[in-house]
Amino acid sequence: MRPDSRLLLFLSLAGVLLVSACATPRGTGDLGIVIERAAGSVQVVETTTRTRLARVSGLGDLSHASVVYSRDARYAYVFGRDGGLTKVDMLRRRIEKRIVQAGNAVGGAISQDGRLIAVSNYDPGGVKIFTADTLELVADIPAGSGDSARRSKIVGLVDAPDRRFVFSLFDAGEIWVADMRTPRQPRLQKFSNIGKLPYDGTVTPDGRYYIAGLFGEDGLALLDLWQPDKGVRRVLDGYGRGQEPLPVFKMPHMDYWAQSGGLAYVPAVGRHEVLMIDQKNWTETARIAVAGQPVFVIARPDGRQVWVNFAPPDNDTVQVIDTLTLKVIRTLKPGKAVLHMEFTPRGENVWLSVRDENRVDVYDTETLERVTSLLADKPSGIFFTARAQRIGQ
Amino acid sequence: MRTRTPMTGIMLAALMSLGPGMAHAEVPETRQAELMHLLTQDCGSCHGLKRRGGLGPALTPEALTGKPAVMLREVILHGLPGTAMPPWKNFMSTQEADWMVQMLLEGRTDAP
């Protein structure tokens, strides 16, 4: 064999190896997205080896960005502040498609059957529905209040069983249920006077109850999606006991319903407390004093712990609540501006975005010690693909 | 009756620019960087990183056209009761709030 043919053989073999390495099938169950809010980019991360796999850029203004996943967990749908809706391929690590569908948006949801993407818009206020595969507009639901032409900002948009989307009208104080069985003609059921300024909403993991947190008054609005005709109920009415709430320097969130042992944990607005609700009769059972005003209150998947982060000026702190003793068992100081927390699918780790330190910290939830850190450019939301299989996420 | 001459307008404009200009000088550069960070990140939580609005209204120069600087400063310091806008007076002085208003009205996002 001549030397150059040997070289050719080597090169072709190497080529085959290279191609097969790239084409090695892999799953997406241990992947996730970290939002880099100021840079308009996202990182594709992997939770098994706790590493960054890639950065995908060109997603626009990602302040308050959030993500839902296709049911095969292959694609991430990233909802940007600027109305951008970007479909990211988690395996090829690139943008599959991107549209700008409104002037100002806040989040979205994927339908029960995975075919529709709904986006929650501030301006113009309403919900737009797209096909999940091509991002083609299917339906537009402008959110006017009653007979008024004034549009309302939409918050707390989630999917619910029986092909429904549920959302709240911030300005109008309403909850709407959109039945998507005929996608091009959503059937709306509207509930008015649910309370002042619903700031966010979520659905219980079984998809039965939709809960909107209220900013304008002390309480939560509860809708039983199994029997919506019974209407919206007020729960935890007047939990502030008439005391003036503290100024709120960052809105709390209801990202995912935190529950453990039949009890739910929710942030108290304008108070340094986490409220606990008995989900059988929807009454307050206890409240836990915490280091500041809670923003996210999230439960480890097994419900053994609840982790809480806070609004400024306490946003350098994270507290861990033990759900057996209902006591804060650890106060962590990860760094300035802890914006979001996400558990790995079975909860052995939690990832925290520490915006002002340009870091994502990974903690072991058993030892409550930091395991590792990843560099990220002003990270905010962290979203793992396990969300693909959960109602309301 | 006196009519307002173009000259008066120019002088008014000069006076108006003098006010925030003085406030500017009173805020040290390191503090300016902190305030710009607060403006972008914390105000940005509700008003958007690019100030184009969110749960709170847009704060671009166009959006703020016609709104007096003093009023904006008071809203920053004392909030707007009945809305989600909180008082920020524990985070900054009056001069610092004036400086932030100036940054908003000029549409500036660059910190020193």
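The notes below deal with the structure included here. (Residues numbered from 1 in each chain as written. Chains lettered and ligands numbered in written order. Predicted model: local features only at pLDDT ≥ 70, side-chain atom pairs only at ≥ 80, totals over all residues. Heavy atoms only, no water.)

With that settled, consider the overall build of chain B. When helices and strands are counted, chain B shows 4 helices and 0 strands. Relative to its full complement of 112 residues, chain B shows a buried share of 38%. With an accessible surface of roughly 6,400 Å², chain B has 64% of that area assigned to carbon and sulfur atoms. (Helix = DSSP H or I, 4+ residues; strand = E, 2+ residues; numbered from the N terminus. Buried < 20%, exposed > 50% of the residue type's maximum accessible area, 1.4 Å probe, protein only. Areas by Shrake-Rupley, 256 points an atom, 1.4 Å probe, with all protein chains shown as cover.)

This paragraph deals with the sheet that holds strand S30 (residues 359–364) of chain A. Residue and element names in this part refer to chain A. Across the sheet, which stays open at both edges, the 4 strands sit in the order S28-S29-S30-S31 with antiparallel pairing between neighbours. The open sheet has two edge strands with one neighbour each: strand S28 (338–343) and strand S31 (370–375). The sheet shows a mean angle of 20° between the axes of neighbouring strands, taken without regard to direction. Pairing geometry for S30 and S31, over 5 bridges, is antiparallel. Across the sheet, the residue bridging to Val360 is Leu374, located in S31. (Pairing = 2+ DSSP bridges. Axes fitted to C-alpha atoms, helices over the stretch in contact; angles between N-to-C directions.)

Residue and element names in this part refer to chain B. Remark: helix H2 (residues 29–47) packs on helix H4 (residues 94–106), axes separated minimally by 11 Å, with the N-to-C direction vectors making an angle of 60°. With respect to the hand of their crossing, H2 and H4 are arranged in right-handed fashion. Contacts between H2 and H4 involve Arg31, Gln32, Leu35, Met36, Leu38, Leu39 and Cys43 from the first element and Glu96, Trp99, Met100, Met103 and Leu104 from the second. Each residue belonging to the contact of H2 with H4 can be placed in one class, and the counts come to 9 nonpolar, 1 polar and 2 charged. (Left-handed = near helix turned anticlockwise from the far one by under 90°. Contact = heavy atoms within 4.5 Å. Nonpolar A, V, L, I, M, F, W, Y, C, P; charged D, E, K, R; others polar.)

Let's shift gears to the environment of Val44(A). All names here are of chain A. Residue placement: Val44 occurs in strand S2 (residues 41–46). For Val44, a relative accessible area of 0% gives the class buried. Excluding residues within four positions of it along the chain, Val44 makes contact with Gly32, Ile33, Arg52, Leu53, Ala54, Val56, Met90 and Arg93.

Residues and elements named next belong to chain A. With respect to the secondary-structure elements, His340 resides in strand S28. Each C-alpha atom, one on His340 and one on Phe296, is 7.2 Å from the other, the two residues being 44 residues apart in sequence. Sequence-distant contacts of His340, defined by excluding residues within four places in its chain, comprise Asp255, Phe296, Asn309, Trp351, Leu352, Ser353, Ser380, Gly381, Ile382, Phe383 and Arg387. Within the structure, His340 has its side chain in polar contact with the backbone nitrogen of Ile382 (distance 2.8 Å). (Polar contact = N/O pair within 3.5 Å; in protein donor to acceptor, adjacent residues only side chain to side chain.)

A separate point is the side chain of Asp361(A). Residues and elements named next belong to chain A. Its location among the elements puts Asp361 in strand S30. Only 2.7 Å separates the side chain of Asp361 from the side chain of Arg359, close enough to count as a polar contact. Every residue in contact with Asp361, bar those within four places of it in the chain, is listed here: Pro334, Val350, Trp351, Leu352, Val354, Arg370, Thr372 and Ser373.

Quick look at the nonpolar core now. Counting 26 residues, the largest nonpolar core has Ile211(A), Leu220(A), Trp257(A), Ile277(A) and Trp282(A) as the members making the most contacts within it. Looking at this core, the elements with two or more residues in it are strand S17 (209–214), strand S18 (220–224), strand S21 (263–267) and strand S22 (273–278) of chain A. In terms of domain composition, this core takes at least three residues from each of domain 2 (101–250) and domain 3 (252–333) of chain A. Once you skip the residues sitting within four places of it in the chain, Ile277(A) turns out to touch Leu220(A), Leu236(A), Trp257(A), Gly262(A), Leu263(A), Ala264(A), Val266(A), Trp282(A), Thr283(A), Glu284(A) and Thr285(A). One finds Val27(B), Leu39(B), Met92(B) and Trp99(B) within the second-largest nonpolar core, a separate group that totals 20 residues. (Core = buried A, V, L, I, M, F, W, Y, C linked by side-chain atoms within 4.5 Å. Domains from an automatic or database assignment.)

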